[in-house]
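Listed below are the residues making up each chain.
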Amino acid sequence: MAVGLPVLALVLGGALWAVAAVAVQLECVDAARAGARAAARGESLDVVRQVTGRAAPAGAAVAITRDADLSRVTVTATMRPGGAGLIPGVVIRADATSATEPGVQEGAP
């Protein structure tokens, strides 16, 4: 019991942290998709950044690339284990690409 309970607590903590990491990954994917759709429609880059930021996890970085053929949005977030300052964070990244609508110009508002 003296060895089993701490090991069980450690395994349970790791499993809960992994579930939280998957949730952050899904948020990043949803944010990248929403941003790519907005960029492909020809929304201004500020609007694309706002749309992406609303769906992204707090503190996430957003990169937007748009050309005549494709619009791409990358969302990157760093997830740190709660209460464990010695453990490095995990970088979670999601990309979404969408075909740019005809008539939308590169970087156009």
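Residues numbered from 1 in each chain as written. Predicted model: local features only at pLDDT ≥ 70, side-chain atom pairs only at ≥ 80, totals over all residues. Heavy atoms only, no water.

(A) Spatial organisation of the side chain of T100. Following the sequence through the fold, T100 ends up in the segment after β3 (90-99). Since its relative accessible area comes to 9%, T100 is described here as buried. Among the polar contacts made by the side chain of T100, one reaches the main-chain carbonyl oxygen of L70 at a distance of 3.3 Å. (Helix = DSSP H or I, 4+ residues; strand = E, 2+ residues; numbered from the N terminus. Buried < 20%, exposed > 50% of the residue type's maximum accessible area, 1.4 Å probe, protein only. Polar contact = N/O pair within 3.5 Å; in protein donor to acceptor, adjacent residues only side chain to side chain.)

(B) Here's a closer look at the pattern of salt bridges. Scanning all chains against the criterion turns up three salt bridges. Between D95 and R72 there is a salt bridge whose closest N-O contact spans 3.6 Å. Taken together, the residues span a long stretch of sequence, with D95 in strand β3 and R72 in strand β2 (residues 70-79) at a distance of 23 residues. Taking the relative accessible area as the measure of exposure, D95 reaches 35% and is therefore partly exposed. (Salt bridge = Lys/Arg side-chain N within 4 Å of Asp/Glu carboxyl O.)

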